[in-house]
Structures are given as C-alpha cells and as structure tokens.
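Here is how the chains run, residue by residue.
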Amino acid sequence: MRSINLLALTLLGTAVVPATHAADEPAPAKTPVAQATPEVVVVTAQRRKQRQEEVPMSLSVVSGDDLGTERALDVESLERFVPNFQAAGLTAQQPQLTIRGIGTIDRQAGSDQSVVVFVDEQYIGRSSATTFSLLDVDRVEVLRGPQGTLFGRNASGGAISIVNNRPTNAFGGTASASLGNLGLKEGRGVLNVPINADTAARFAVLGVNRDGAYRNVFVDQRAGDRESWMGRGSLQTRFGSVTALVSVEAYHDKVDGLPIKLLRGEGVSDADYAAAVGTFNLASNPYTFPTSRPLDVANNVLGNSKAEGAAVRGRLESNGDTVSSTVLVGARSNRLNESYDAVGIPIVGSGAASRGFNSTQITRETYDNWSLEARLQSTRPNSALNW
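In short, a report on the structure. Counting starts from 1 at the beginning of each chain's written sequence and moves along it residue by residue. Whole-chain, interface and lining totals are the exception, using all residues; otherwise, since this is a predicted model, local features are given only for residues with pLDDT of at least 70 and side-chain atom pairs are given and counted only at 80 or more. Only hydrogens and water are set aside when side-chain values are computed; all heavy atoms of the structure are taken into account.

The criterion for an aromatic pair is that two Phe, Tyr or Trp rings (for Trp, the six-membered ring) have centres within 6.5 Å, with stacked assigned to planes under 30 degrees apart, edge-to-face to planes over 60 apart and tilted to the rest. Tallying each qualifying case throughout the model produces 2 aromatic pairs. Ring centres 6.2 Å apart and planes at 70° place the aromatic pair Phe132 and Tyr251 in the edge-to-face group. Placement of the pair is Phe132 in the loop between strand E8 (122-124) and strand E9 (137-144) and Tyr251 in strand E17 (residues 242-256), with a sequence separation of 119 residues. In this text, helices come from DSSP runs of H or I with a minimum length of four residues, and strands from runs of E with a minimum of two, each type numbered from the N-terminal end.

Below is the structure:
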C-alpha cells in the first residue's frame, strides 16, 4: 500500500508543477475568427434596384448560377426552386402557371393569364409564348400575387420577372456541351465583346435534342422527341448619363409525338366518357392510369407541337441625382401549331353526347404584341418621399 500511495503523490506533483509555470507565462493571442459576409441579393421587383430584404413583398429569387447548376432549361423548371409555384398543362407548349394555387385554366385566345411572365420587363400574355429556354440569365424573380399595382391588372396570381445578363466591358465567354441518356445532345455558348470604352456586345446560343421516353403503341412510334434552339444578341452603349440597350432574340421548340394518357376520374367520370364514346370499358383499357406500362400510350395520332417566336427590346436609362427616367419599347411575335389526341385512347365517339367527334385536337395560335413604357422615379432612397 505504501508504494501505491507514493506513486500517486509523485504523479500529482508532476502534474501540478507545470501548471504553476504556465500560469506565469502570458496567454497566446487568439486568432480572430473570420466572419462570413452575407450575400447581397439585388432585385428590381419594385421597378428600382433594392436589396431583397428591403422589398416589402413575398418573392423568391433564383440566380443564373443556380439555374445552370440544376440544369433548369425553361420556366417550368422553376418548380425546383420556388415554393408554391407550379407549372402543369395538357401539352408541353401550353403550360398552366400557378402561384399559391392561383392561375388560369382557360387557354382560349381571349383569356388573360393570372401569372404573368416578363422578360427584361417586356410583358408576355400567353402561356404558349413562355416555352423559350432560360439562356444567359442573371436572375429570375418570382413575385407572389396580387401584383396589379406594378405589373398590371393581369398579375392577380403573381409575376415572373426574368432578367438577362447585359453586355459588359470585360472580354470573355463560356462554352459547354453535354451528352446524356435518351440521345441527349446539348450545347450552349456565351460571348461578351467590348467594342470601346462605352459600348459592348453580347451573344448567347443554345441547342438541345433529345429522344422521347414514351411509345405510342397504336401507331407503333416513339413519342416525345424534342428539338429546340435559341439565340440572343445584345448591344449596350452609353452617351454621358444615358445608357441604351437593344436586344434581339429568336427561339424554336418542336416536339414530335405528344403522349396523352387518359386519367380516369380526373374531372371526367366514367359515365361522361360513356355518353361521349359509347360502350367502352374504361376499366379494361391497359393504357389508362394506373398501368404496368406507364410509358406506353395508345393515341389516335402521333401528334406534334411546334412553338417559335422572336422578340426585339429597347431600353433607355438616364440616372440623375434626384430623378431617373426609363423608356422601354418592345415587340414580340409567337406562333404555335399543335395536334394531339385529346382523349388519350384510340377511339372515335359514337355515344349520344359525342355528335360523332374524333378525339384529335388541332391548335393554331398567333400571338403578336408591342409595348411602350415611360417611367420617372426618385433616386433618393433615404428621402421622406419616394415615388
């Protein structure tokens, strides 16, 4: 026992002595911890540049970098980023955009959309004209409605503002190519060219081809093949305090084979279908939903859809110490040609309510618009009155 006690005292003594010497030495200086600088997100939701946290409205902002990382190619892809936003529709060229459940179901020519899309503040009133690619985008601002005060009476559901990158004075560019399943081939490129100290040009192109994942067993052909391209050219110059920007763009989007699948119980009862198509056992049809062959469809026609359009936009800005002025002018033209099996099964109606209908639906839509806007606003953010 004595040896054990002696050992314990010896260990205790060696442990205490260094602590006494350490107390006499000055403590080393602490290295300051670097504080992360929060990212400043600048938006123009109220038609003026503001930090996002200063805007008193519900909005989501998606940067162009995030769009590229997630391969978000079109407006419908914003579903991945924005809560409460949904893009759905009967066909790929006529999306139905809703925010917080508010949108427009009617796609007729006289119907205005409740969720409105703007490209560089140019109004697009038809959903069929919003199927272009998101190319060389700086950011997308999604504003939950109503937004009638700043974006017009049609924006009761909300507004989607797409802001493209402007030309800069730094020469540079990017290029990328991608290959994937279903025969995916994609290429895109951006080139920024400064012309002189006050003038610069910017060009962006995109091309995508991909085979469809569906098969129309009625006509024994693949369905859903997609081909799209888009191009844009922009020129910006300064004259003293005035900045002028002109952009020209065109796009083409074509889908060969529109797979339409009958969804039983989705707003139409079996009795309604029976009255239109006659005696037809919907429950025994293997191409209705659910099915063990989810990528097989049986449509009367293969179907196709082609949307194409072009736009020209001009912008003049003058920023003073107390007042800034902006003039926006633009023109846009879009064409949609579409045909598909509207019922989703290979039948021709013979029932009492059918009037001998055929289930093939054809859509031909032309959308042309032009716009002119002049705006004056104050430039003193700390002033008692901002207008």
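Looking now at the sheet that holds strand E4 (residues 85-88). Strands are labelled as partners when DSSP assigns at least two bridges between them. Taken in spatial order, the 3 strands line up as E4-E5-E6 in an open sheet, and their pairing is antiparallel. Each edge of the open sheet is held by one strand with a lone partner, namely E4 and strand E6 (102-103). Where E4 lies against strand E5 (residues 96-99), 4 bridges are found, and the strand directions are antiparallel. By the bridge assignment for E5, Ala88 is matched with Gln96.

The next thing to look at is the side chain of Thr199. Relative to the helices and strands, Thr199 resides in strand E13 (residues 199-210). For Thr199, a relative accessible area of 12% puts it in the buried group. Within the structure, Thr199 has its side chain in polar contact with the side chain of Thr237 (distance 2.8 Å). Throughout, a residue-residue contact means that at least one pair of heavy atoms, one from each residue, lies within 4.5 Å. Look past the residues within four positions of Thr199 in its chain and what remains in contact with it is Asn169, Pro194, Leu235, Gln236 and Thr237. Residue exposure (1.4 Å probe, protein chains only): buried if accessible area is under 20% of the type maximum, exposed if over 50%, otherwise partly exposed. Residues adjacent in sequence count toward polar contacts only when both atoms are side-chain atoms; beyond that, a polar contact is any pair of N or O atoms within 3.5 Å, and within protein one must be able to donate a hydrogen and the other to accept it.

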